[in-house]
Amino acid sequence: MTDASLPQSPPNSPRNRRVAITLLVLVAAMVGAAYAAVPLYALFCQVTGFGGTTQVSAGNLKGAIAREMTVRFDSNVEGALPWTVVAAKPVTDKIGNVETVVFKAHNSSDKPVTGQAIFNVTPEQTGMYFNKIECFCFTEQTLQPGETVEMPIVFFVDPDIAENRDLDTIRDITLSYTFYAVKSEGT
């Protein structure tokens, strides 16, 4: 059988238009999904604590429980940021108690530098129980040349963690920050 013997649709047939419209709708849906992926993933992580994403809270209304938890802190500075950051000391207290710790950052350059921090919590499953009330990671921070600042974090571990049997053996949580330079409008 040759190509000439196969039935051909005219170029402007309704079938060809349907296929073209279907393909255009599919492409538009894929582009829309690509733009929506980042905010939807961020929302998913915040709701579920996936990937060590912490929660934001105004305070702990549930009180404390007898089980203790140690929260350790870690800091890393991305290479382009001329800051030295000293992490807060570990805290061991009853789950549910609101704690305040302080990181210290120093700008070792001769010009103002703006930075910001991203964070994660390990073990990742504890992220949904780690609540920050106040954190320097929520905003950009500009340090003047040679300036040293204290950056507080106010947090608590949600007592609901005790209801998650998979986390019964967890006694330590690490909150880790990576500091990076924020590009200014002129650079």
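Before any of the text, the structure's been laid out above.
Residues numbered from 1 in each chain as written. Predicted model: local features only at pLDDT ≥ 70, side-chain atom pairs only at ≥ 80, totals over all residues. Heavy atoms only, no water.

Caption draft 1: Local environment of the overall build of the protein. Helix and strand content of the protein: one helix and 10 strands. Each of the 187 residues in the protein was classed as buried or not, and the buried ones make up 32%. (Helix = DSSP H or I, 4+ residues; strand = E, 2+ residues; numbered from the N terminus. Buried < 20%, exposed > 50% of the residue type's maximum accessible area, 1.4 Å probe, protein only.)

Caption draft 2: Broad picture of the sheet that holds strand β10 (residues 172–181). Pairing is mixed across the open sheet formed by five strands, whose spatial order is β4-β2-β10-β6-β8. With one partner strand each, in any of the chains shown, β4 (91–94) and β8 (141–143) form the two edges of the open sheet. Adjacent strand axes in the sheet meet at a mean angle of 30° when their direction is disregarded. Relative to β8, strand β6 (residues 113–122) runs antiparallel, the two being bridged by three bridges. Looking across to β8, one finds that T114 is bridged to T142. (Pairing = 2+ DSSP bridges. Axes fitted to C-alpha atoms, helices over the stretch in contact; angles between N-to-C directions.)

Caption draft 3: Here's a closer look at the pairing of β6. Where β6 lies against β10, eight bridges are found, and the strand directions are antiparallel. Residue pairing in the sheet places A117 in a bridge with F179 of β10.

Caption draft 4: Here's a closer look at empty space enclosed by the protein. Overall, the coordinates contain two cavities of 30 Å³ or more when judged by the stated rule. The space that makes up the largest cavity amounts to roughly 80 Å³. M69, D93, K94, E99 and F155 are the residues nearest the centre of the largest cavity, which is lined by 13 residues in total. With four residues, the top contributor of residues to the lining of the largest cavity is β4. (1 Å grid on protein atoms, 1.4 Å probe; cavity = no way out; pocket = protein on both sides within 12 Å on 5 of 7 lines; lining within 4 Å. Points joined across faces, edges and corners; volume = space filled by probe spheres on them.)

Caption draft 5: A look at the nonpolar core. Counting 33 residues, the largest nonpolar core has F73, F103, F136, I153, Y177 and F179 as the members making the most contacts within it. When contributions to this core are tallied by element, the ones reaching two or more residues are β2 (68–77), β3 (83–86), β5 (99–107), β6, β7 (130–135), β9 (148–157) and β10. With five residues, β9 is the single largest residue contributor to this core. (Core = buried A, V, L, I, M, F, W, Y, C linked by side-chain atoms within 4.5 Å.)

Caption draft 6: Fine view of the side chain of N107. For N107, the location among the structural elements is in strand β5. A relative accessible area of 0% means that N107 is categorised as buried. Side-chain polar atoms of N107 contact the side chain of S109, separated by 2.8 Å. Only 3.2 Å separates the side chain of N107 from the backbone oxygen of Q144, close enough to count as a polar contact. N107 has contacts with P82, W83, P112, V113, L143, Q144, P145, G146 and E147, leaving out every residue within four places of it along the chain. (Polar contact = N/O pair within 3.5 Å; in protein donor to acceptor, adjacent residues only side chain to side chain. Contact = heavy atoms within 4.5 Å.)

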